[in-house]
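What the coordinates show
Chain residues, written in single-letter form:
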Amino acid sequence: MRILITGGTGLIGRKLCRLLHEKGHQITVLSRRPESVPEKCGAAVKAFASLDEWQPDTVFDVIINLAGEPIADKAWSEKRRQALLDSRVALTEKLVDKIARARVKPAVFLSGSAIGYYGNRYDEALDESSNAGQGFAADLCIAWEQAALQAQGMRVCLLRTGLVLSRDGGILAKMLLPLGMGVRFGSGMQWMSWIHIDDYTQLILRLIADEQTNGPVNMTAPNPVNNRDFTRTLVDVQHGLAAFSAPSALLNLMLGERAGLLLEGQRVLPNKVLATGYSFRYPDLSSALGNLLSA
Ligand SMILES: NC(=O)c1ccc[n+]([C@@H]2O[C@H](COP(=O)([O-])OP(=O)(O)OC[C@H]3O[C@@H](n4cnc5c(N)ncnc54)[C@H](OP(=O)(O)O)[C@@H]3O)[C@@H](O)[C@H]2O)c1
């Protein structure tokens, strides 16, 4: 299949490009640094520097939309909030416009979102039918999903992505301090709905193939844990690691509103992917961390 990926040079995208290439697909990645695409995504991957390179007679069977400025990296000033929105919502609107102009429509559009859609929900079990939450991260996801849902004439899946566990960056790198400590955030009671990156990329293959699945899809493992148990498992798996607790007041002082990304959580269940019959390679946290932290 011919597949266009935005954000293909990112943490998820790089791994996904390798897998899709192995499966024999032809990949094009949209990137602000197109010259970096062969090295990051594989020599056979083509790069678009702009969506203007997508001509009406160019055919893509699948569009995967993962682009977005990193949400946790900088303080949420008004300018930063706009950049977070534009890099997701405005780009998705452009993509939908390109899809509308294409002479042959893609069969499926997989567009990014996050479990931040649900806001801070304490112990409530959340599935794809649960309503949206409140706060900037939730509003961002709502707007991102609404933009994607404007695509007409194809299957649309909204990837409500959990905390992606990978050796190469993301939340795990933030929780493993260089001094050999695992960090617990605040009370430790907030839920963490995580997913091993290999399950994430395999699930993308499943969503491309499974013609019955559409709308919101929780991209999380079936066994979320609270932050205290996450840190305990991390310490158990990584022998020699010490647990360190970062108090809420300190995180609020250091990070402002962004502290919510660490101190608040959601207990998310991946009901739609389980309904496809997908069997997780890493359904529980100790197997996922054992795989990622070994060797
Ligand atoms: N990783 C997670 O745990 C997680 C959790 C929930 C949701 N998500 C969402 O899933 C998506 C992929 O995650 P990821 O971890 O792979 O992200 P990532 O590593 O931060 O990569 C995102 C990609 O988006 C592109 N991008 C960044 N700023 C942009 C801008 N201003 N305009 C256009 N493109 C821009 C970049 O590509 P170029 O530099 O090549 O242009 C980058 O490679 C993101 O949207 C993220 O918010 C991720």
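Overview of the structure. (Residues numbered from 1 in each chain as written. Predicted model: local features only at pLDDT ≥ 70, side-chain atom pairs only at ≥ 80, totals over all residues. Heavy atoms only, no water.)

1. Observations concerning the overall build of the chain
Put simply, the test is: The secondary structure listing takes helices from DSSP runs of H or I that are at least 4 residues long and strands from runs of E that are at least 2 residues long, numbered from the N terminus. In this description the radius of gyration comes from C-alpha coordinates, and the expected globular size is given by 2.2 Å times residues to the power 0.38. Residue exposure (1.4 Å probe, protein chains only): buried if accessible area is under 20% of the type maximum, exposed if over 50%, otherwise partly exposed. Contact criterion: two residues are considered in contact whenever any of their non-hydrogen atoms come within 4.5 Å of each other. Neither His nor the chain termini are counted; the positive set is Lys and Arg, and the negative set is Asp and Glu. To locate a charge, take atom NZ for lysine, CZ for arginine, CG for aspartate or CD for glutamate.
Helix and strand counts for the chain come out as 11 helices and 16 strands. A globule of 295 residues ought to have a C-alpha radius of gyration of about 19 Å, and the chain, at 19 Å, matches this closely. Expressed along its principal axes, the backbone C-alpha trace of the chain runs to roughly 55 × 40 × 40 Å. Expressed as a percentage of the 295 residues in the chain, the buried residues total 52%. The long-range fraction of contacts in the chain, counting pairs at least 24 apart against all pairs at least 6 apart in sequence, stands at 76%. Here the chain contributes 32 positive and 29 negative side-chain charges, whose respective centroids are spaced 3 Å apart.

2. Some details on the packing of aromatic side chains
The condition is simple: Only the six-membered ring of Trp is used, alongside the rings of Phe and Tyr, when aromatic pairs are assigned; centres must lie within 6.5 Å, and planes under 30 degrees apart are stacked while those over 60 apart are edge-to-face, with the rest tilted.
Applying the stated criterion across every chain yields a total of 5 aromatic pairs. Geometrically, the ring pair formed by Phe 48 and Phe 60 is edge-to-face, given 6.1 Å between the ring centres and 75° between the ring planes. With a gap of 12 residues between them, Phe 48 in strand 3 (residues 46-48) and Phe 60 in the loop between strand 3 and strand 4 (62-65) connect regions that are remote in the sequence. In this pair, the class of Phe 48 matches that of Phe 60, namely buried.

3. Description of the sheet that holds strand 2 (residues 26-30)
As a reminder of what qualifies: Whether two strands pair comes down to DSSP finding at least two bridges between them. To get an axis, fit a line to the C-alpha atoms, keeping to the stretch in contact for a helix; angles then go from 0 to 180 degrees between the N-to-C directions.
Taken together, the 7 strands give an open sheet; going across it, the order is 3-2-1-4-5-7-13, and neighbouring strands pair in parallel fashion. Every other strand in the sheet has two partners, leaving strand 3 and strand 13 (215-219) as the edge strands with one partner each. Here the strands of the sheet are splayed against their neighbours by 20° on average, with no regard to which way each runs. This element, helix 4 (residues 136-148), spans strand 4, strand 5 (108-114) and strand 7 (155-161) of the sheet and lies at about 170° to strand 5.

4. Observations concerning the site of the ligand
This is how the line gets drawn: Only a single heavy atom is needed: when it lies within 4 Å of a molecule or strand, its residue is near that molecule or strand. Here a polar contact means two N or O atoms within 3.5 Å. Within protein one must be a hydrogen donor candidate and the other an acceptor candidate, and residues neighboring in sequence count only if both atoms are side-chain atoms. Surface accessibility follows the Shrake-Rupley procedure with a 1.4 Å probe radius. Residue values consider only the protein chains on display as shielding.
If you check the shell around the ligand, you find 22 residues, and the closest are Thr 9, Leu 11, Ser 31, Glu 69 and Arg 88. At 2.8 Å, a backbone N or O of Leu 11 approaches an oxygen atom of the ligand. Contacts to the ligand include Val 164, whose backbone N or O atom sits 3.0 Å from an oxygen atom. Relative to its unbound accessible area of 890 Å², the ligand is 81% covered by the protein chains.

5. Here we look at the pairing of strand 7
Counting buried residues in strand 7 gives 7 out of 7 residues, a clear majority hidden from the surface. Bridge count for strand 5 against strand 7 is 7 bridges, and the pairing is parallel. Counted as the bridge partner of Ser 111 is Leu 158 from strand 7. In the sheet, strand 7 pairs with strand 13 via 5 bridges, with the strands oriented parallel. Following the sheet pairing, Arg 160 is matched in strand 13 by Asn 218.

6. Details of helix 11 (residues 285-293)
Convention followed: The reported arc concerns the directions from the helix axis to the C-beta atoms and nothing else.
Taken as a whole, helix 11 has its buried residues at Leu 285, Ala 288, Leu 289, Leu 292 and Leu 293. The arc enclosing the buried residues of helix 11, seen along the axis, measures out at 110°, which places them on a common side.

7. Notes on the nonpolar core
The cut-off we apply is this: What we call a nonpolar core is a set of buried Ala, Val, Leu, Ile, Met, Phe, Trp, Tyr and Cys residues that are connected through their side-chain atoms within 4.5 Å.
If you look at the biggest cluster of nonpolar residues, it comprises 57 residues, and the most contacted ones within it are Ile 5, Ile 64 and Phe 230. Among the elements that make up this core, the one with the highest residue count is helix 6 (residues 197-209) (7 residues). Those residues in contact with Ile 5 that lie beyond four places of it in its chain are Leu 16, Cys 17, Leu 20, Ile 27, Thr 28, Val 29, Leu 30, Ile 64 and Leu 66. If you look at the next biggest cluster of nonpolar residues, it comprises 19 residues, including Leu 4, Leu 51, Ile 99 and Ala 102.

8. Brief notes about the environment of Pro 56
Within the element layout of this structure, Pro 56 appears in the loop between strand 3 and strand 4. When the C-alpha positions of Pro 56 and Val 104 are compared, they lie 8.1 Å apart, and in sequence the two are 48 residues distant.

Nothing here speaks to function; it is geometry throughout.
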